[in-house]
Amino acid sequence: MRGFREKGFNDRLADQQKARQALLDRARKADPRNDPEFAKRQEERKRLAEEREARGAAKAEARAAAIRAEEERRTAEEAARSEAERIAKEEAEKAKRAEADKLVQLLAEQKAARDARYQARKDRQKKKR
């Protein structure tokens, strides 16, 4: 074994330095900033992110518009319902007044008929005397 030589400290340091240099070279090659396609991929990612954000904003705006339309519909329904209730109350009040007027008129007619009977009886009694 003539050619065999045990590595010394300086040999190990040199091997370590070569290994580090090889790692750095490999890392520099893999660095995306040195890749010409990296900028294109970054632009594509950026464009896709902007489109996704725009779609999200459009969806949010559509949801907000739908909520506003629903609120307007509810407000209109509530106004129509309150108007219908007011009209129903007025109609009920008119019906109540009409019923009360009929009752007053009926009572007045009954009183007039009773008074007429009493008067007729008095007239008959006066004739008898």
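In what follows, the structure referred to is the one given above.
So, a few notes on the structure that sits alongside this text. (Residues numbered from 1 in each chain as written. Predicted model: local features only at pLDDT ≥ 70, side-chain atom pairs only at ≥ 80, totals over all residues. Heavy atoms only, no water.)

If you tally the helices and strands in the protein, you get two helices and zero strands. Relative to the globule expectation of 14 Å for 129 residues, the C-alpha radius of gyration of the protein, 53 Å, shows a markedly less compact shape. In terms of its C-alpha atoms, the protein occupies a principal-axis envelope of roughly 180 × 30 × 20 Å. Per-residue burial for the protein yields a buried fraction of 1% across its 129 residues. When the accessible surface of the protein is summed, it comes to about 12400 Å², and 55% of that surface belongs to carbon and sulfur atoms. Side chains of the protein carry 39 positive and 28 negative charges; the gap between the two charge centres is 6 Å. (Helix = DSSP H or I, 4+ residues; strand = E, 2+ residues; numbered from the N terminus. Rg over C-alpha atoms; globule rule 2.2 N^0.38 Å. Buried < 20%, exposed > 50% of the residue type's maximum accessible area, 1.4 Å probe, protein only. Areas by Shrake-Rupley, 256 points an atom, 1.4 Å probe, with all protein chains shown as cover. Lys, Arg positive; Asp, Glu negative; His and termini not counted. Charge placed at Lys NZ, Arg CZ, Asp CG, Glu CD.)

Bringing the pattern of salt bridges into the picture now. Between side chains of opposite charge, pairing is possible as soon as their charged atoms come close. By the definition in use, this model includes 15 salt bridges. Linking Lys-40 and Glu-37 is a salt bridge whose minimum nitrogen-to-oxygen distance equals 3.7 Å. In this pair, Lys-40 and Glu-37 are both assigned in helix α2 (residues 36-128), three residues apart and thus about one turn of the helix distant. Since its relative accessible area comes to 40%, Glu-37 is described here as partly exposed. One salt bridge connects Glu-70 with Arg-74, and the closest N-O pair in it is separated by 3.5 Å. Linking Glu-70 with Arg-74, this pair stays in helix α2, spanning four residues, or about one helical turn. Through salt bridges with shared partners, a single ionic network connects Glu-70, Glu-71, Arg-73, Arg-74 and Glu-77. (Salt bridge = Lys/Arg side-chain N within 4 Å of Asp/Glu carboxyl O.)

No statement about biological role is implied by the geometric values presented.
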